[in-house]
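Okay, here's what each chain looks like letter by letter:
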Amino acid sequence: MHFPTIGDFYQRLLFLLPFSANLLPEGLRFSYDEPQQWRHIYPQCGGSYQSPIALNSRKAIPISLPPLNFGHYEEPFDELLSVRNNGHTGMYKAAGNMHYIFKEYPVIFTVEFRVPTTVLGERPYLTGGLLGDFYEAMAVHFHWGSSQRKGSEHLLNGRRYDLEMHIVHRNTNYQSDEEARNQTDGLAVLAVLFKVVRTNYPHYQPGLSEILGSLLHLGDFNSSYTPAAFLTLGSLLGNLDRGNFYAYRGSLTTPPCSPAVLWHVFAEVLPISQLELPKFWQLRDRRGRPLLNTFRPVQSLEGRQVFQRRPPSEYIWL
Ligand SMILES: [Zn+2]
């Protein structure tokens, strides 16, 4: 297997030459076609504490973790969102400098929006659960499948679901994404799984409906769209049971796969209409190809503990 050698060669080259991402061989690009190859360029993808994982309600350790506290989640943002299709199947191209691309940039191929501040002047934040600090909401993005495959990243009780939303938060003790990625408690991601349902009515996550409505305007790579409504971050969650969640220590699910994430995955699976889900499948990447199956395979648990917080009433008889 000579692949790592080639990877090493190009990685060294990256530090020397600012040149176009297009010059790299296809095999070295970040692609969901071959996620097992990511580790050759991003070594942490082959390391420990990797995500996603398969969650199981019978194997998770039931404990009375503190509830999550959703600070400013119900306050309207002070500006309109800009939802962007930044879908690449090739490597992320930023600033034309390969060192920057490989080592610094959080590469995510998805539909994403940056979380603005609320009308109170601060971003929404998260505390509680496994978190010992304040974590500011930074960005929201999605992972999906195709008409042939379901696309959630985490499995729940042996099932893959149709869609997964990630709300990425950064520990306020750290000043940059890069600094946070190098700490074991740098990031907190809230994950929500969705299951497609046969209904023609949009569902009761009003904020999410606005985001999904943007998708039809985001067909082409690097396009963006601004929904007209002033949303709240909490409106993406609708009536979700926020008290019941799985929690474990893991990683980013995209390169560089930093083991810096305290994951909180809600146990309740939200519905998404059969009319809404296919809007993800019409998105196109940089080369005009369909942007499909944007999920990483499940990773080994390797002795990690997975906790499940349930409402306190369920512990009274224990
Ligand atoms: Zn994600």
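Residue numbering note: each chain is counted from 1, following its sequence as written. Residue-level local features of this predicted model are given only where pLDDT is at least 70; pairs of side-chain atoms are given and counted only at 80 or more, and the full residue set underlies all totals for whole chains, interfaces and linings. The basis for every side-chain value is the complete set of non-hydrogen atoms in the structure, without hydrogens or water.

As recorded in an unreviewed UniProt entry, the protein goes by Carbonic anhydrase and comes from Drosophila virilis. Among the UniProt annotations of the protein, the heading Cofactor (unreviewed entry) holds the following wording: "Zn(2+)". UniProt positions are given in the numbering used here, feature names are shortened, and annotations may be inferred rather than shown by experiment.

Visitor: Just checking my understanding: could you explain the pattern of salt bridges for this structure?
Guide: In what follows, salt bridge is the name for a side-chain nitrogen of Lys or Arg lying within 4 Å of a carboxyl oxygen of Asp or Glu. Scanning the model with the defined rule gives 5 salt bridges in all. A salt bridge links Glu-136 to Arg-123; the nearest nitrogen and oxygen atoms lie 3.8 Å apart. Here Glu-136 is found in strand β7 (residues 131–144), whereas its partner Arg-123 is found in the loop between β5 (111–114) and β6 (125–128), with 13 residues between them in sequence. Working definition: with a 1.4 Å probe on protein chains only, accessible area under 20% of the residue-type maximum means buried, over 50% means exposed, and in between means partly exposed. With a relative accessible area of 23%, Glu-136 lands in the partly exposed category. With a relative accessible area of 25%, Arg-123 lands in the partly exposed category. Only DSSP runs of H or I reaching four residues or more are called helices, and only runs of E reaching two or more are called strands; each is numbered from the N terminus.

Visitor: How should I be thinking about the coordination of the zinc ion in this particular structure?
Guide: Geometry sets the ideal angles at a metal, namely 109.5 degrees for four tetrahedral donors and 90 or 180 degrees for six octahedral donors. Every protein donor of the zinc ion is accounted for by His-141 (NE2), His-143 (NE2) and His-166 (ND1), and the metal-donor separations fall at 2.0 to 2.1 Å. Metal coordination here is assigned from N, O and S atoms located within 2.8 Å of the ion, or within 3.2 Å for Na, K and Ca; omission of water means that sites may look incomplete. The sequence motif formed by the donor residues of the zinc ion is H-x1-H-x22-H. Of this pair, His-141 sits in strand β7 while His-166 is found in strand β10 (residues 163–171), placing the two residues 25 residues apart along the sequence.

Visitor: Can you help me understand the pairing of β7 in this one?
Guide: On any regular strand, side chains alternate: one points to one face of the sheet, the next to the other face. Burial within β7 is extensive, with 10 of its 14 residues counted as buried. With 3 bridges joining them, β6 and β7 adopt antiparallel strand pairing. For Tyr-125, the partnering residue across the bridge sits in β7 and is Glu-136. A loop of 2 residues connects β6 with β7, the two strands running antiparallel in sequence, and Gly-129 in this loop sits at a positive phi of about 60°. Each pair of strands is called paired provided DSSP finds at least two bridges between the two strands.

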